[in-house]
Amino acid sequence: QVQLVESGGGSVQAGGSLRLSCAASGFVYRLYRMAWFRQAPGKEREGVATIDTIGNTGYADSVKGRFTISRDNAKNTLYLQMNSLKPEDTGTYYCAASGYAPCVLCQSSYRYWGQGTQVSVSA
């Protein structure tokens, strides 16, 4: 069965860093575009960062320059390095996999989803 399992979330003060990981199994990971989405309470889920099958990246304007998405195809693992964290980065972070993404940071493009990991940034 397909599994995406996020880890690395936690609580951090503003200005701090976290590194999220997503372990993928049950599908041919190297053939899928991957992305991180997040959702704060009372807000819509939003695309944060995406990476294609060969390492090209894209970011939401709100995280550009602070977050870095990367992948290790040999380990079937996706990462999100988050630096200079702000309280508005608080939320549940999900990794997702897409086989076809006409819109690269739209939920509808992503076929497989993890259960999420919580990130809390305090002021």
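Residues numbered from 1 in each chain as written. Predicted model: local features only at pLDDT ≥ 70, side-chain atom pairs only at ≥ 80, totals over all residues. Heavy atoms only, no water.

Draft legend 1. Region of interest: the nonpolar core. Within the largest apolar cluster, 27 residues are counted, with the highest numbers of intra-cluster contacts made by Trp36, Leu78, Leu80, Met82 and Tyr93. Broken down by element, this core gets its largest block of residues, four residues, from strand β3 (residues 18-25). (Core = buried A, V, L, I, M, F, W, Y, C linked by side-chain atoms within 4.5 Å. Buried < 20%, exposed > 50% of the residue type's maximum accessible area, 1.4 Å probe, protein only. Helix = DSSP H or I, 4+ residues; strand = E, 2+ residues; numbered from the N terminus.)

Draft legend 2. The arrangement of the state of the cysteines in detail. This model, assessed by the stated rule, comprises two disulfides. Disulfide pairing is shown between cysteine 22 and cysteine 95; the S-S distance is 1.9 Å. A torsion of 45° about the S-S bond marks the disulfide between cysteine 22 and cysteine 95 as right-handed. With cysteine 22 in strand β3 and cysteine 95 in strand β9 (residues 91-98), this pair connects stretches of sequence that are 73 residues apart. (Disulfide = S-S within 2.5 Å.)

Draft legend 3. View of the side chain of serine 21. Counting through the fold element by element, serine 21 comes out in strand β3. Under the relative-accessibility criterion, serine 21 is labelled buried at 18%.

Draft legend 4. Examining the packing of aromatic side chains more closely. What the rule picks out here adds up to seven aromatic pairs. Taking 5.8 Å as the distance between ring centres and 40° as the angle between the ring planes, the aromatic pair formed by tyrosine 32 and tyrosine 112 counts as tilted. In this pair, tyrosine 32 is assigned in the loop between β3 and β4 (33-39) and tyrosine 112 in strand β10 (residues 112-113), connecting sequence segments 80 residues apart. For the pair tyrosine 110 and tryptophan 113, a centre-to-centre distance of 6.3 Å together with 70° between the ring planes defines the contact as edge-to-face. The buried category is assigned to tyrosine 110, whose relative accessible area is 6%. When its relative accessible area of 25% is taken as the criterion, tryptophan 113 is described as partly exposed. An aromatic cluster of at least three residues, connected via ring pairs, comprises Phe27, Tyr29, Tyr32 and Tyr112. A cation over a ring is seen here: arginine 19 above tyrosine 79, with NZ or CZ 4.5 Å from the ring centre. Directly above the aromatic system of tyrosine 94 lies the positively charged group of arginine 45, at a separation of 3.9 Å from the ring centroid. (Phe/Tyr/Trp six-rings, centres within 6.5 Å; stacked < 30°, edge-to-face > 60°. Lys NZ or Arg CZ within 6 Å of the ring centre and 35° of its normal.)

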